[in-house]
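Here are the chains, one letter per residue:
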Amino acid sequence: MSSHSYGLAGVMGWPVAHSRSPKLHNYWLEKYGLPGAYVQLAVAPETLGVAIAGLAALGFRGCNITIPHKVDAMAFVDDIDANAKRVGAINTIVVQPDDSLKGFNHDGFGYIQSLLDAQPDWRADTGPITVLGAGGAARAVVLSLADRGAKEIRLLNRTPEKAQALASEFGAPVKAVAWADRHAALSDIALLVNTTSQGMHGTPALDLDLTALPQRALVSDAIYVPLETPLLQAARLRGNATVNGLGMLLNQARPAFQAWFGVMPEITPELRRAIEATLQS
Ligand code: ATR
């Protein structure tokens, strides 16, 4: 365990300059009066191992792991918690009391909490769920929905083999559906989730016709740049409730901050506004 009272943490990525995590964690450090800092750690893939191995010696309590390191970083920690193992990726490392390193993945927790922040009575078992995408974000989201009792998860991906592989790995309630059938896959659903990159700043909007989507369905997007993707805008204009990706980012950070600094931090309207102010494009 680091004997330093000054708490250090950071985010390892490549590139990492776009990350909002420093703003978020430094806001909390200041708010809770904790001496410390959360810094950007620009680490190239070829030095990931030595960078992670140096965390304890440098006095870090741990770090977040972001693109493109979430899968590769697993090879450089001593232990991985059960949920992160199932997801197949880590987004957080916590330096343990004996200086060993343990990996966690809080993305699914963050996603579920973002839905609950928007709709406190939200439940996973009120109707079918359609998830678009089968990458790392989809793995965390699908597992967390299944763990919350989802009865049917329709998984669609441009490259069908990835959706099929994920469906056979996770088993019921996940079913792979052909990408060409995505418009019809919205019928009768209670929740739609976009985990593809389509709609992110600089990419085209998702090619999705919302006609079959029930108006009571909740529509969520893992993207937070822009805060309102074309998908969320189209859903809002036809009367659907929407949840953007910022809540997932804010909520996944809470258990990491607690593990490093000993306080479970709160997401206040003021914090949300401070982060949103950095996202106006
Ligand atoms: P993340 O970790 O954020 O999930 P990722 O693993 O790179 O990132 O996954 C990106 C997702 O966006 C994938 O599901 C990808 O589909 P493919 O598996 O077919 O690549 C999806 N995606 C990217 N570009 C897309 C496009 N033009 N149309 C549809 N889906 C797309």
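Going by the structure above, here's the rest.
Residues numbered from 1 in each chain as written. Predicted model: local features only at pLDDT ≥ 70, side-chain atom pairs only at ≥ 80, totals over all residues. Heavy atoms only, no water.

**Q** Any chance you could break down the sheet that holds strand β1 (residues 7–13) for me, citing the residues and the numbers?
**A** The strands making up a sheet associate through hydrogen bonds between their backbones, and the pairing can be parallel or antiparallel. Spatially, β2-β1-β3-β5-β6-β4 is the arrangement adopted by the six strands of the open sheet, whose pairing is mixed. Strand pairing shows two members of the sheet lacking a second neighbour, β2 (36–42) and β4 (79–80), which therefore form its edges. Note that β1 and strand β3 (residues 60–65) share five bridges and pair parallel. Bridge pairing in β3 places leucine 8 opposite phenylalanine 60. (Pairing = 2+ DSSP bridges. Helix = DSSP H or I, 4+ residues; strand = E, 2+ residues; numbered from the N terminus.)

**Q** Can you explain the nonpolar core? Please cite residues and give values.
**A** Counting residues in hydrophobic clusters, the biggest one holds 29 residues, and the most contacted among them are Tyr111, Trp122, Leu145 and Leu191. Among the elements of the structure, α4 (107–118), β7 (129–132), α5 (136–147), β8 (153–156), α6 (160–170) and β10 (191–194) are those that each provide at least two residues to this core. Counting residues per element, this core draws most heavily on α5, which supplies five residues. Discounting chain neighbours no more than four positions away, the residues touching leucine 191 are Tyr111, Leu115, Trp122, Pro128, Ile129, Thr130, Leu145, Ala217, Leu218 and Ser220. By size, the runner-up hydrophobic cluster in this structure holds 22 residues, among which are Ala9, Tyr38, Leu250 and Ala256. (Core = buried A, V, L, I, M, F, W, Y, C linked by side-chain atoms within 4.5 Å. Buried < 20%, exposed > 50% of the residue type's maximum accessible area, 1.4 Å probe, protein only. Contact = heavy atoms within 4.5 Å.)

**Q** Describe the pattern of salt bridges, and please don't skip the residues or the numbers.
**A** By the definition in use, this model includes eleven salt bridges. Between arginine 182 and aspartate 207 there is a salt bridge, with its nearest N and O atoms 2.9 Å apart. Residue arginine 182 is found in the loop between β9 (174–177) and β10, and its partner aspartate 207 is found in the loop between β10 and β11 (218–221); the two are separated by 25 residues along the sequence. Under the relative-accessibility criterion, arginine 182 is labelled buried at 9%. Salt bridges sharing partners connect three or more residues here, namely Glu152, Arg154 and Lys175. (Salt bridge = Lys/Arg side-chain N within 4 Å of Asp/Glu carboxyl O.)

**Q** Lay out the pairing of strand β5 (residues 92–95) in plain terms, naming residues and giving numbers.
**A** Side chains of β5 alternate between two faces, with Thr92 and Val94 and Ile93 and Val95 buried alike. Across three bridges, the pairing between β3 and β5 is antiparallel. By the bridge assignment, cysteine 63 is partnered in β5 with isoleucine 93. Relative to strand β6 (residues 101–104), β5 runs antiparallel, the two being bridged by four bridges. Across the sheet, residue isoleucine 93 finds its bridge partner in β6, namely glycine 103.

**Q** Help me get a handle on the sheet that holds β10, residues and values and all.
**A** Sheet architecture is open: six strands sit in the order β9-β8-β7-β10-β11-β12, paired in parallel fashion. Single-partner strands in this sheet number two, and they are β9 and β12 (241–243). Sheet twist, expressed as the average angle between the axes of neighbouring strands with direction ignored, equals 20 degrees. With four bridges connecting them, β10 and β11 associate as parallel partners. When the sheet's bridge partners are listed, leucine 192 is paired in β11 with valine 219. Against the sheet, α6 engages β8 and β9, with an angle of about 165 degrees to β9. Here helix α7 (residues 230–237) sits on the sheet in contact with β10, β11 and β12, set at roughly 165 degrees to β11. (Axes fitted to C-alpha atoms, helices over the stretch in contact; angles between N-to-C directions.)

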